[in-house]
Amino acid sequence: MSAAIFAMTSILRTVEFLALSVWLGSDVFLSFVVAPGVFRVLAPNRDQAGAVVGFSLTRMHLGGIALGVAFLFVRLVRTRNLGSLVTPAALCVVLMIALTAISQYTVSAKMAVLRAQMGSIQATGADSPLLAEFSRLHSISVSLESGVLLAGIAAMYLTVRELTAG
């Protein structure tokens, strides 16, 4: 392998790792730092806290989808082989994109409608069917985000394994 090809391959692999790392890092940071912190700091107003987390989650989802597409595109450019898009690492990234899209465009969208119908989640009675549905969707959202995180960890491991095997 010539020095130029080796350098280009190294740069493209770096971009793959960077895309995956930024996505995983943002997911971990939002889930374990931002969301709990916002709800603690804005404890008297859970509606505001939810709005901040919802805003942040939307941005993270859109960024994650873009980073996933970038990962797959760069992998394709690096390998010049469509088969590289069906490796275990790439399939984990496809799963991450799918789970994120479902969360953003289905679950979060339904939660936003319920939030608007309730006016205030904090002021909605515990026996409200709207609040019950919101809570159910929130649980699904957390499960989807957990799936994205686990698939991302698997993708990172598999990408590292490809590097050490190849």
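Check the entry above for the structure.
Residues numbered from 1 in each chain as written. Predicted model: local features only at pLDDT ≥ 70, side-chain atom pairs only at ≥ 80, totals over all residues. Heavy atoms only, no water.

Things to note about the nonpolar core
Grouped together as the largest cluster of nonpolar side chains are 29 residues, with contacts concentrated most on L20, F71, L72, V93, M96 and I97. For this core, the secondary-structure elements that each account for two or more residues are α1 (3–41), α2 (46–79), α3 (88–118) and α4 (129–165). Among the elements that take part in this core, α3 stands out by supplying 11 residues, more than any other. With residues near it in sequence (within four places) discarded, M96 still touches L20, W23, V148, A151 and G152. (Core = buried A, V, L, I, M, F, W, Y, C linked by side-chain atoms within 4.5 Å. Buried < 20%, exposed > 50% of the residue type's maximum accessible area, 1.4 Å probe, protein only. Helix = DSSP H or I, 4+ residues; strand = E, 2+ residues; numbered from the N terminus. Contact = heavy atoms within 4.5 Å.)

Some thoughts on the environment of A154
Positionally, A154 belongs in helix α4. Note on A154: relative accessible area 28%, which makes it partly exposed. The spatial distance from the C-alpha of A154 to the C-alpha of A89 is 7.2 Å, given a sequence separation of 65 residues.

What to know about a nonpolar patch on the surface
A cluster of nonpolar residues, V28, F29, F32 and V33, forms a patch on the protein surface that exposes about 390 Å² of accessible area. Mapped onto the fold, F29 is located in helix α1. Judged by relative accessible area, F29 falls into the partly exposed class, the value being 48%. (Patch = residues over 30% accessible without salt bridge, like charges linked within 9 Å, V, L, I, M, F, W, Y side chains within 5 Å. Areas by Shrake-Rupley, 256 points an atom, 1.4 Å probe, with all protein chains shown as cover. Salt bridge = Lys/Arg side-chain N within 4 Å of Asp/Glu carboxyl O.)

Overview of the packing of α3 against α4
At a minimum axis separation of 8 Å, α3 and α4 run at an interaxial angle of 165°. The angle between the axes of α3 and α4 places the two elements in the roughly antiparallel class. Here the hand of the crossing between α3 and α4 comes out left-handed. Residues belonging to the contact of α3 with α4 are distributed by class as follows: 23 nonpolar, 8 polar and 5 charged. (Axes fitted to C-alpha atoms, helices over the stretch in contact; angles between N-to-C directions. Parallel < 35°, antiparallel > 145°, perpendicular 65-115°, else oblique. Left-handed = near helix turned anticlockwise from the far one by under 90°. Nonpolar A, V, L, I, M, F, W, Y, C, P; charged D, E, K, R; others polar.)

Notes on the environment of T106
Within the secondary structure layout, T106 lies in helix α3. The sequence separation of T106 and W23 amounts to 83 residues, and the corresponding C-alpha distance is 20 Å.

Thoughts on unusual backbone geometry
Both trends apply: most residues other than glycine have a negative phi, and most peptide bonds are in trans. The phi torsion at R80 lies on the positive side, around 55°, for a residue other than glycine. For R80, the position within the fold is in the loop between α2 and α3. Given a relative accessible area of 73%, R80 falls into the exposed group.

Digging into the pattern of salt bridges
According to the stated counting rule, one finds 4 salt bridges in the structure shown. Note that E16 and R75 form a salt bridge whose closest N and O atoms lie 3.2 Å from each other. Placement of E16 in helix α1 and of R75 in helix α2 is noted, with a sequence separation of 59 residues between them. The exposure class of E16 is buried, given its relative accessible area of 1%. Exposure remark for R75: the relative accessible area of 1% places this residue in the buried category.

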